[in-house]
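Structure at a glance
Below are the chains, spelled out letter by letter.
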Amino acid sequence: MPKFKVAIVGAGLTGVFFAIALEQYAPDVEFEIYEGASRLSEIGAGIALQARPWTMMQATGLDKELLKIAGNGERPALAVLYRKSDQAEGFQFSEQIDNSFTFARAEVQKAFLGRLHASDRVHVGKRFVSYHQPADGAGPIELRFEDGTTATCDILVGSDGVRSAVRASMYSHLAQAAEAQGKQQEADELRHHAHPVFSGWSIYRTVIHKSGETAVHPAFNRPTFVFYCGRDTHIVTYPISQGRALNVAAVIKLPNLEGKIYTGPSSSVASRDEYTDRFKGWESDVTEVVKHMDNTTKWAVNVVTKLPTYVDGHAALLGDAAHGMTPHQGAGAGQGFEDGFLLAQFLGRPDVTTDTLHIALQVYDEIRRPLAQKVVALSHLSGQLHSLEDPDVLEDDGSERALTPEELRRLGIKIEKVKEWRRVTSLLDENEVSMRRLAEAIGAARTS
């Protein structure tokens, strides 16, 4: 008999990685994955895995397969070039080194699914609607799906993205509980967290497969990250698919809409007219890249509000469902992997039983929530810096102004400093501390 039955809602990268981690670290835990789409297809274009997520790929044995499809081959680091590009003669103001590998997202998902032993436990066409769990925590959680069917589990994990239906259901439950205690203001605040808000950024993404002119032009063949920066706008490029293609993301700021509910689609086919005017007069490499941006998709970047908890009883949030963030640190997927990596190891511990499960989930929340929310804040700041906004350089009236070359040099130092945590922190050391913290919490509960 399995120790627990886990229902994972969402078969994106984060949900599948969590399942892989369960197979490795909690083999006595049974799981089922429920995906709303009718078939598995990873959305998005490129993804970069820095040192911390790469540690998890090595720990789970995924690294060897991923190295075969890395954009930078087996080189463990890429240069990152920052250029002031919103002028005819652009110039580089910073060069840094990023310990990361780059990939096409669809190729990563294929590798993950190929590594998943229990692939028969992935159920497509199962769009989650809501859940119900007994108030006393005893008995299974019931999941309800759009097709009228139900399922049960001991632990529900929502990894269903920034527009998470699991989060919406969770915060509806939490709000109802607050109302029952006469806490209407708290209930209203809890309901506010059910839905994401617009970040103020839209991203135009495409992948340029190199042939003809793009096979020889330098802008498409640099084995580096390049940030072409301008006010309120920047373009990021980097190689994927073993260098055969270039991932391109044109990032445009819409500050007047930040923090509001975005009613349009999260992604849509984009026409060239939507973004080309923003890059008129920019340096020639940018003009060349924009000229070849065909089959472009517009992404309205929505983010999750700062949640007061990732857990409700035996239900937990993971990945973008918990902390969907802007992409400016390239850390969103990695943070989701960290959630699943830690939670799988918690569930595999012998001292985590039906009686102590609530403690494990509470400690998961206490550890992962502040760490992920710190990265959310750093990502927001990175977006400002990439678009040449330095909060420390303002006119006397508080308005922004153009930066001098020396101020741009200092801006480059700030950009590196904001991302320093990715280099100087150790995921495995933090994991050891987390395991001790859980053991202490369980021990304290047993002796109280």
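Going by the annotation in an unreviewed UniProt entry, the name recorded for the protein chain is FAD/NAD-P-binding domain-containing protein, with Lentinus brumalis given as the source organism.

Thoughts on the overall build of the protein chain
Tallying secondary structure elements over the protein chain gives 14 helices and 19 strands in all. Against the globule reference of 22 Å for 448 residues, the protein chain gives a C-alpha radius of gyration of 22 Å, in line with a compact fold. Here the protein chain, with 448 residues, has 55% of them falling under the buried criterion. Relative to all contacts within the protein chain whose residues are 6 or more apart in sequence, the contacts with residues 24 or more apart total 75%. Averaged over its 48 positive side-chain charges, the protein chain has a centre that lies 2 Å from the centre of its 58 negative ones.

As for the packing of helix α1 (residues 13–25) against helix α4 (residues 105–115)
Where α1 contacts α4, the axes come no closer than 10 Å and their chain directions differ by 25°. What the angle tells us is that α1 and α4 run roughly parallel. The hand of the α1/α4 crossing is left-handed. Contacts between α1 and α4 pair L13, V16, F17, I20, E23 and Q24 from the former with R105, V108, Q109, F112, L113 and R115 from the latter. Tallied by class, the residues present in the contact of α1 with α4 amount to seven nonpolar, two polar and three charged.

Things to note about the sheet that holds strand β13 (residues 225–230)
One open sheet accounts for eight strands, arranged β5-β4-β13-β14-β15-β12-β17-β16; its pairing is mixed. Edge strands, defined here as strands with exactly one partner in the open sheet, are β5 (91–98) and β16 (267–269). The sheet shows a mean angle of 20° between the axes of neighbouring strands, taken without regard to direction. Across eight bridges, the pairing between strand β14 (residues 233–240) and strand β15 (residues 245–253) is antiparallel. Its bridge partner lying in β15, H234 is registered against V251.

Some details on the environment of G10
Within the secondary structure layout, G10 lies in the loop between β1 (4–9) and α1. G10 sits 150 residues away from D160 along the chain, and the two C-alpha atoms are 4.3 Å apart. Among all residues touching G10, those that are not within four sequence positions of it are G15, I33, Y34, E35, S159 and D160.

Examining helix α5 (residues 165–180)
Between its first and last C-alpha atoms α5 spans 23 Å; for 16 residues at 1.5 Å apiece the expected length is 22 Å, and the two agree. Between the side-chain oxygen of the N-cap and the backbone nitrogen of V166 there are 3.2 Å, and the N-cap of α5 in question is S164. Just downstream of α5 lies G182, where phi reads positive at about 80°.

Considerations on the side chain of D98
Examined against the element boundaries, D98 turns out to sit in strand β5. A polar contact is formed between the side chain of D98 and the side chain of R422, at a distance of 2.6 Å. What D98 contacts, discounting residues up to four positions off in sequence, is Q50, P76, A77, L78, V80, F225 and R422.

Here we look at the packing of aromatic side chains
For any two aromatic rings, the description comes down to two numbers: the centre-to-centre distance and the angle of the planes. Summed over the entire model, instances satisfying the criterion amount to 13 aromatic pairs. Ring centres of W54 and F101 lie 4.3 Å apart, and the angle between their planes is 35°; this geometry places the pair in the tilted category. Of this pair, W54 sits in helix α2 (residues 51–59) while F101 is found in strand β6 (residues 100–104), placing the two residues 47 residues apart along the sequence. A relative accessible area of 5% places F101 in the buried class. One aromatic cluster is present, built from ring pairs that chain together F17, F112 and F337. Lying across the ring of F31, R121 places its NZ or CZ 5.2 Å from the centre.

Some details on the nonpolar core
Judged by nonpolar contacts, the single largest core of 87 residues is most densely connected at L66, F112 and L156. Every residue in contact with L66, bar those within four places of it in the chain, is listed here: L49, W54, M57, F103, V108, A111 and F112.

Brief notes about helix α14 (residues 427–447)
End to end, α14 covers 30 Å across 21 residues, agreeing with the expected 30 Å (1.5 Å per residue, within 8%). Restricting attention to buried positions, one finds in α14 the residues L427, N431, S434, M435, L438 and I442. For α14, the angular spread of buried residues about the axis comes to 100°, placing them on one side. For α14, exposure combined with an orientation more than 90 degrees from the buried face picks out E432, E440 and T447. Contacts from the buried residues of α14 go to α2, α10 (332–348) and α11 (357–386).

So, the UniProt feature "domain: FAD-binding" (unreviewed entry) in the protein chain
In the numbering used here, UniProt assigns the "domain: FAD-binding" (unreviewed entry) feature to residues 4–234 and 287–377. Helix makes up 52% of residues 287–377 and strand 13%, with an end-to-end C-alpha separation of 32 Å.

Rules used throughout
- Per chain, residues are indexed from 1 in the order of the written sequence.
- Since the coordinates come from a predicted model, pLDDT governs what is reported: local features require at least 70, and pairs of side-chain atoms require 80 or more to be given and counted, while whole-chain, interface and lining totals use all residues.
- Only hydrogens and water are set aside when side-chain values are computed; all heavy atoms of the structure are taken into account.
- Starting at the N terminus, helices and strands are each numbered in turn, a helix being any DSSP run of H or I of at least four residues and a strand any DSSP run of E of at least two.
- Only the C-alpha atoms count toward the radius of gyration. The rule for a globule is 2.2 Å times the residue count to the power 0.38.
- Type-normalised accessible area, obtained with a 1.4 Å probe on protein chains alone, sets the label of each residue: buried when under 20%, exposed when over 50%, and partly exposed for intermediate values.
- Only heavy atoms enter the contact rule, under which two residues are in contact if any of them lie within 4.5 Å.
- For the charge count, each Lys or Arg is scored as positive and each Asp or Glu as negative, with His and the chain ends excluded.
- Each charge is placed at NZ for Lys, CZ for Arg, CG for Asp and CD for Glu.
- Only the stretch in contact is used when a helix axis is fitted, and all axes are lines through C-alpha atoms; the angle between N-to-C directions ranges over 0 to 180 degrees.
- The scheme is simple: roughly parallel for angles under 35 degrees, roughly antiparallel for over 145, roughly perpendicular for 65 to 115, oblique for anything else.
- Left-handed is the label given to a crossing in which the near helix is rotated counterclockwise from the far helix by less than a right angle, and right-handed is the label when the rotation is clockwise.
- Charged residues are taken to be Asp, Glu, Lys and Arg, nonpolar residues to be Ala, Val, Leu, Ile, Met, Phe, Trp, Tyr, Cys and Pro, and polar residues to be all remaining types, Gly included.
- Any two strands with at least two DSSP-identified bridges between them are counted as paired.
- For a helix, the expected span equals 1.5 Å multiplied by the number of residues minus one.
- N or O atoms closer than or at 3.5 Å make up a polar contact, with two conditions inside protein: a donor-capable atom paired with an acceptor-capable one, and, for residues adjacent in sequence, both atoms drawn from side chains.
- Any two rings among Phe, Tyr and Trp, with Trp reduced to its six-membered ring, count as a pair given centres within 6.5 Å; such a pair is stacked if its planes are under 30 degrees apart, edge-to-face if over 60, and tilted if neither.
- Whether a charge sits over a ring depends on NZ of Lys or CZ of Arg being within 6 Å of the ring centre and within 35 degrees of the ring normal.
- Definition used in this section: a nonpolar core is a set of buried Ala, Val, Leu, Ile, Met, Phe, Trp, Tyr and Cys residues joined via side-chain atoms within 4.5 Å.
- Picture the helix axis, draw a direction to every C-beta atom, and the arc is the one those directions span.
- UniProt positions are given in the numbering used here, feature names are shortened, and annotations may be inferred rather than shown by experiment.

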